[in-house]
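Structural features, examined
If you want the building blocks of each chain, they are given just below.
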Amino acid sequence: MKFISPKVDYAFKKIFGSEQSKDILISFLNAIIYGEEKKIQSLTIANPYNPGQLISLKESYLDIKAVLSDSSIVVIEMQIAPMASFNKRVVYNLAKAYSNQLGTGEDYPILNPVIAVTVTDFILLKKYDEVISQFVFQEKTKKIELFDNELQLIFVELPKFNKALSELNSLTDKWIYFLKEAASLDSIPESLGEVSEIELALNLANQANMTVEELEFVDRRGIMLQDEKGRIAYAKEEGKEEGREEGRLTEAIALVMRLLKKRFGEIPLLISSQIESLALDDLERLTEDIFDLNSLQDLEKWLEALIEYKTNLILR
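Definitions and cut-offs
- Residues numbered from 1 in each chain as written.
- Predicted model: local features only at pLDDT ≥ 70, side-chain atom pairs only at ≥ 80, totals over all residues.
- Heavy atoms only, no water.
- Helix = DSSP H or I, 4+ residues; strand = E, 2+ residues; numbered from the N terminus.
- Buried < 20%, exposed > 50% of the residue type's maximum accessible area, 1.4 Å probe, protein only.
- Contact = heavy atoms within 4.5 Å.
- Pairing = 2+ DSSP bridges.
- Axes fitted to C-alpha atoms, helices over the stretch in contact; angles between N-to-C directions.
- Salt bridge = Lys/Arg side-chain N within 4 Å of Asp/Glu carboxyl O.

**Considering the environment of Glu36**
On the secondary structure map, Glu36 appears in the loop between α2 (22-33) and β1 (43-45). Judged by relative accessible area, Glu36 falls into the partly exposed class, the value being 31%. For Glu36, the residues in contact, after removing those within four places along its chain, are Asn30, Ala31, Ser170, Leu171 and Thr172.

Shown next as structure tokens:
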């Protein structure tokens, strides 16, 4: 047997976000959010995986949105590599999921709690050793919680998990091991197969059960994400050796943002994040093209064209 890696966001959505994945997602969320208490009994996947509609490779945010039986919303995302303003993007997506519940003229009482679960294949919280961390609103000094967990941020940092297969003692251990090591397995281990939901997840991840089109897409998506991860690692290494280059990048980002604000006013957070992740030569190109752009829509098209161009270069 060969299994696709759940760390590839497209594969993650297929495994946890398909129509037949409800029991898988319930087991996973109970383990990660509620310490294995069976608090979630049912849910609805609001944006299910559709094998007939493969997304574009340039799609950068493949989340899973689930609505629980008490109407709470959970947004789950797999992130393989760090990115500029990643913390702001996580907060933005949490706030967006919360605010989007409210239509024009509707009142605040209809708002339901939102939980954002982010799985990372990199260390996010360097001063914190736990694999799973949960954040809620609380008073800064007395640590008194506020708003009854109306908004929660939960992070699962895979590199911090170092248990071997023989050391898995809990359902939570087994789910994290599955996320981290599924692609290295050549069969379904007994300790994982005894959990029916994990066995089903492994069957969904089994390459033998996927179409040629799906396999090709997962492979291409995985290569693109690994290339991006490698680019970031290389940039960091270069940054250590060439502090001046990093300074030039920071200055270029600041210059571009000043020019954009003067031309278009306040820049949306998602566009700012994209600009902050651009390479130095792309920023320099944008400063040359900026006065040819007449609106934020033109800017978005410029960024989309750049992403598509770089994706095509990778696939050649």
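From this point, the discussion proceeds with the structure in view.
**Things to note about the sheet that holds strand β5 (residues 132-135)**
The mixed open sheet is built from six strands, whose spatial order is β1-β2-β3-β4-β6-β5. Here the strands that pair on one side only, and so sit at the sheet edges, are β1 and β5. The mean inter-strand angle of the sheet, taken between neighbouring strand axes irrespective of direction, is 20 degrees. Note: β1 against strand β2 (residues 64-68), three bridges, orientation antiparallel. Following the sheet pairing, Ile45 is matched in β2 by Ala66. Contacting β3 (73-79), β4 (114-120) and β6 (151-157), helix α3 (residues 86-99) runs over the sheet at an angle of about 150 degrees to β4.

**Observations regarding the side chain of Ser133**
Tracing the backbone through its elements, the reader meets Ser133 in strand β5. Of the residues examined, Ser133 reaches a relative accessible area of 2% and is grouped as buried. Other than its neighbours up to four places away in sequence, Ser133 contacts Leu125, Tyr128, Leu153, Ile154, Phe155 and Glu157.

**Examining the side chain of Ser5**
Considering the arrangement of structural elements, one finds Ser5 in the segment before α1 (9-17). Under the relative-accessibility criterion, Ser5 is labelled buried at 18%. Setting aside residues up to four positions removed in sequence, Ser5 forms contacts with Ala11 and Ala183.

**A few points about the pattern of salt bridges**
Enumeration according to the criterion identifies seven salt bridges in this entry. Close ionic contact of Asp121 with Lys7 constitutes a salt bridge, the shortest N to O distance being 3.7 Å. Placement of the pair is Asp121 in the loop between β4 and β5 and Lys7 in the segment before α1, with a sequence separation of 114 residues. As far as burial versus exposure is concerned, Asp121 and Lys7 are alike and both buried. Among the ionic pairs, Arg89 bridges to Glu77, the shortest N-O distance being 2.0 Å. Of this pair, Arg89 sits in helix α3 while Glu77 is found in strand β3, placing the two residues twelve residues apart along the sequence. Judged by relative accessible area, which is 6%, Arg89 ranks as buried. On the basis of relative accessibility, which here comes to 5%, the residue Glu77 falls in the buried class.

**Digging into the pairing of β6**
Along β6, seven of the seven residues are buried, which leaves the element largely enclosed by surrounding structure. Pairing geometry for β4 and β6, over seven bridges, is parallel. Paired with Val117 across the strands is Ile154, a residue of β6.

From the geometry alone we can't say anything about function, so treat these as descriptive.
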